[in-house]
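Chain residues, written in single-letter form:
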Amino acid sequence: MTTTLITGANKGLGKETAKQLIAAGHTVYLGARDETKGRAAAQDVGGRFVQIDVTDDASVRAAAATIESEGGLDVLVNNAGIEPRLAGNAIPTPADTTVDEMRETFETNAFSMVRTIGAFLPQLQRSTEAVIVNLASGLATLSGLSDPESFTHFYPAVSYPASKATVNVITIQYAKAFPGIRINSVEPGFTNTDLNGRTGTQTVEEGAAIIVKMAQVRPDGPTGTFVSAQGPMQW
């Protein structure tokens, strides 16, 4: 039985990914900061709840200890993330950007991946089917942000795409360092979730599909890649 942890899984893409992986036969831990919401989500989809705040060292270590005591981990889905928005769901511009915003966004979206991977690495290295899926974004593609013809060129914010570009660097470097683990970044697409104020154009079922696919990569499958449902993405 494959055991999977999904961070930030009490709603949205995380919860839907859990639902689909459970249907595929995985034992899934739904990780969340809020115990009430996390337990409710786990009960709803038939998974297990584990409390985890990816921005807190002690919380991540405690979650790793809990899962190890119950058999260990095979698949880690780093889903937890934030996208800063202003009043009225407006996207911040460079003029709105502060160091505090950058720090908070990077702490949740990028630094937390290093923290969580590090805590679970010993368990993953013992697994014969170890996989890490890192949630990136099409906004992490710098060629797209800089190309006036690209559909992402309009996006003005700094911290979110910068943090997701860092996620891709993490994916590349960890994949090189740990060839026994399949480590990939995914672009789920513009999904209708709370992250973007419910402005996304696709359903959580559609967005979760590529996450679910990459969470089931076999030991001889791809690693160190950046993919969407449509295929390979540019870094």
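Everything below is about the structure printed above this text.
To keep things clear, this report deals only with the structure shown in the data block.

What counts and how
- Residues numbered from 1 in each chain as written.
- Predicted model: local features only at pLDDT ≥ 70, side-chain atom pairs only at ≥ 80, totals over all residues.
- Heavy atoms only, no water.
- Salt bridge = Lys/Arg side-chain N within 4 Å of Asp/Glu carboxyl O.
- Helix = DSSP H or I, 4+ residues; strand = E, 2+ residues; numbered from the N terminus.
- Buried < 20%, exposed > 50% of the residue type's maximum accessible area, 1.4 Å probe, protein only.
- Contact = heavy atoms within 4.5 Å.
- Pairing = 2+ DSSP bridges.
- Axes fitted to C-alpha atoms, helices over the stretch in contact; angles between N-to-C directions.
- Parallel < 35°, antiparallel > 145°, perpendicular 65-115°, else oblique.
- Left-handed = near helix turned anticlockwise from the far one by under 90°.
- Nonpolar A, V, L, I, M, F, W, Y, C, P; charged D, E, K, R; others polar.
- Phe/Tyr/Trp six-rings, centres within 6.5 Å; stacked < 30°, edge-to-face > 60°.

A complete count under the given rule lists nine salt bridges for this structure. Across the pair R115 and D57 runs a salt bridge, and its minimum N-O distance is 2.5 Å. Highlighted residues: R115 in helix α4 (residues 99-126) and D57 in helix α3 (residues 57-69), separated in sequence by 58 residues. When the shortest N-O distance is used, the salt bridge between E68 and R126 registers 2.5 Å. One end of the pair, E68, is in helix α3; the other, R126, is in helix α4, and 58 residues separate them in sequence. Given the relative accessible area of 41%, E68 is considered partly exposed. Where salt bridges share partners, they join D57, E107 and R115 into one cluster.

On to the side chain of T27, then. Mapped onto the secondary structure, T27 falls in strand β2 (residues 27-32). Of the residues examined, T27 reaches a relative accessible area of 16% and is grouped as buried. Apart from the residues lying within four places of it in its own chain, the contact partners of T27 are M1, T2, T3, T4 and R48.

With that settled, consider the pairing of strand β4 (residues 75-78). The alternating pattern of β4 places V75 and V77 and L76 and N78 on opposite faces, both of which are buried. Here β4 pairs with strand β5 (residues 131-135) via four bridges, running parallel. Of the residues in β5, the one forming a bridge with L76 is I132.

Okay, the packing of helix α1 (residues 12-23) against helix α7 (residues 204-215) next. When two helices pack together, their arrangement is given by the angle between the helix axes and by the axis-to-axis distance. Where α1 contacts α7, the two axes come as close as 8 Å, and the packing angle between them is 60°. Taken as axis vectors, α1 and α7 run oblique relative to one another. Crossing hand, α1 versus α7: right-handed. Here α1 contributes G12, L13, E16, T17, Q20 and L21 to the contact with α7, which in turn contributes V204, E205, G207, A208, A209, I211, V212 and A215. Across the contact of α1 with α7, the residue classes break down as eight nonpolar, four polar and two charged.

Our next topic: unusual backbone geometry. Positive phi values are uncommon outside glycine, yet N89 reaches one of about 65°. Positionally, N89 belongs in the loop between β4 and α4.

A few words on the packing of aromatic side chains. In the structure shown here, the tally under the stated rule is four aromatic pairs. Their ring planes at 85° and their centres at 6.1 Å tell us that F154 and Y155 sit as a pair that is edge-to-face. Given the relative accessible area of 59%, F154 is considered exposed. A residue is classified by how much of its surface remains accessible, and Y155, at 8% relative accessible area, is buried.

Scope: geometric values only; no functional claims are made or implied.
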